[in-house]
Amino acid sequence: MTLHGYWRSGAAWRVRLALALKGLEHATCAHDLRTGAQRADGYRQLNPQGLVPALDCGEAGVAPLTQSLAIIEWLEETHPAPALLPADALGRARVRAMAQIIACDVHPLGNLRVLQALKGDIGASEDQVQAWLARWMGNGFAALEAMVTRWGAGFAYGDAPGLVECCLVPQLYAARRFGVSLDAFPRLVAIDARCAALPAFAAAHPCVQEDADQA
């Protein structure tokens, strides 16, 4: 398998975490989002949307998989152990809902192309962009904090990391990067700390990727 991504892409990071948690070896192909490499014609032949990640699953004649949650669901179905989703249908629905708070509601409003549009197309100031990020991240984190209080037991849902952590850890990194306060979310911060101590999360961290900035 080959994962097309970018070292600091939250969506690509989710897939790296899923691969690492499942112990699946893969090659990587980097596309620098800052230079627009993901919009190059060659890459658009793999992913017409011109976004990362894309996963070439290594099967002849099969187009690469796109969209991080769809990729992770495919990994879960084709490599079921260790599981990233609970065994029961109700648990799986809850975990998917928690993951989608990040992947569908929070992350899209703070990714690179949206921030570029806010600054370039709308003329938002740095303070306005900061307020935008704090608002949407805060709303999502508050919901997750409540859900973890209800269902967590050391991790977001139960006592082992899974799909929620694949989405949450990159988003907390983004929050810190942009100076969004996490003081109101102690349970999420605690989960992040537990994850940081696990080898799979260390291996998937942006700072150790081959294309990471060295400065």
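Whatever comes next refers back to the structure up there.
Residues numbered from 1 in each chain as written. Predicted model: local features only at pLDDT ≥ 70, side-chain atom pairs only at ≥ 80, totals over all residues. Heavy atoms only, no water.

Caption draft 1: Spotlight on the nonpolar core. Counting 54 residues, the largest nonpolar core has Leu-75, Met-137, Phe-141 and Leu-188 as the members making the most contacts within it. Broken down by secondary-structure element, the contributors of at least two residues to this core are α1 (10-21), α3 (68-78), α4 (89-106), α5 (112-120), α6 (126-151), α7 (163-177), α8 (186-196) and α9 (199-204). Counting residues per element, this core draws most heavily on α7, which supplies nine residues. Those residues in contact with Phe-141 that lie beyond four places of it in its chain are Ile-102, Leu-168, Gln-171, Leu-172, Ala-175, Leu-182, Phe-185 and Leu-188. Listed in part, the seven residues of the second largest apolar core include Leu-33, Val-52, Ala-54 and Ala-212. (Core = buried A, V, L, I, M, F, W, Y, C linked by side-chain atoms within 4.5 Å. Buried < 20%, exposed > 50% of the residue type's maximum accessible area, 1.4 Å probe, protein only. Helix = DSSP H or I, 4+ residues; strand = E, 2+ residues; numbered from the N terminus. Contact = heavy atoms within 4.5 Å.)

Caption draft 2: Focus on unusual backbone geometry. Here Val-52 and Pro-53 are connected by a cis peptide whose omega angle stands at 10°. Within the fold, Pro-53 resides in the loop between α2 (41-44) and β3 (54-56). That bond from Ala-81 to Pro-82 is cis: its omega, -10°, falls within 30 degrees of zero. Within the element layout of this structure, Pro-82 appears in the loop between α3 and α4. Here Gln-67, not a glycine, exhibits a phi torsion of approximately 70°, which is positive. Examined against the element boundaries, Gln-67 turns out to sit in the loop between β4 (65-66) and α3. Of the residues examined, Gln-67 reaches a relative accessible area of 44% and is grouped as partly exposed.

Caption draft 3: Broad picture of the side chain of His-4. With respect to the helices, strands and loops of the structure, His-4 is situated in strand β1 (residues 2-5). With relative accessibility at 8%, the residue His-4 sits in the buried group. Side-chain polar atoms of His-4 contact the side chain of His-31, separated by 2.9 Å. (Polar contact = N/O pair within 3.5 Å; in protein donor to acceptor, adjacent residues only side chain to side chain.)

Caption draft 4: Looking closely at the pattern of salt bridges. One pass over the structure, following the stated rule, counts seven salt bridges. The residue Glu-73 makes a salt bridge to Arg-96 at a minimum N-O spacing of 2.8 Å. Of the two residues, Glu-73 sits in helix α3 while Arg-96 sits in helix α4, which places them 23 residues apart along the sequence. Overall, the relative accessible area of 28% leaves Arg-96 in the partly exposed class. Salt-bridge contacts for Arg-187 lead to Glu-145; the nearest nitrogen and oxygen are separated by 3.7 Å. Of this pair, Arg-187 sits in helix α8 while Glu-145 is found in helix α6, placing the two residues 42 residues apart along the sequence. Of the residues examined, Glu-145 reaches a relative accessible area of 8% and is grouped as buried. Overlapping salt bridges, with partners in common, bring together Asp-32, Arg-34 and Asp-213 in one network. (Salt bridge = Lys/Arg side-chain N within 4 Å of Asp/Glu carboxyl O.)

Caption draft 5: Structural detail: α4. Between its terminal C-alpha atoms α4 stretches 25 Å, which fits the 26 Å expected from 18 residues at 1.5 Å a residue. Remark: the principal bend of α4, roughly 40°, maps to Gln-100. Among the residues of α4, those classed as buried are Gly-91, Val-95, Met-98, Ala-99, Ile-101, Ile-102, Ala-103 and Val-106. (Expected span 1.5 Å × (residues − 1). Bend = angle between axes of the 7 residues up to and from the residue.)

Caption draft 6: Looking closely at the packing of α7 against α8. Two elements in contact, α7 and α8, have axes whose closest approach is 10 Å; the angle formed by their N-to-C orientations is 105°. The orientation of α7 relative to α8 falls into the category roughly perpendicular. In this structure, α7 uses Glu-165, Leu-168, Val-169, Leu-172 and Arg-176 to contact α8, whose residues at the interface are Leu-188, Val-189, Ile-191, Asp-192 and Cys-195. Residues of the contact of α7 with α8, tallied by class, amount to seven nonpolar, no polar and three charged. (Axes fitted to C-alpha atoms, helices over the stretch in contact; angles between N-to-C directions. Parallel < 35°, antiparallel > 145°, perpendicular 65-115°, else oblique. Nonpolar A, V, L, I, M, F, W, Y, C, P; charged D, E, K, R; others polar.)

Caption draft 7: Local environment of the side chain of Glu-145. Polar contacts involving the side chain of Glu-145 include one to the main-chain amide nitrogen of Arg-187, which spans 2.9 Å. In this structure Glu-145 touches Ala-184, Phe-185, Pro-186, Arg-187 and Leu-188, once residues within four positions along its chain are discounted.

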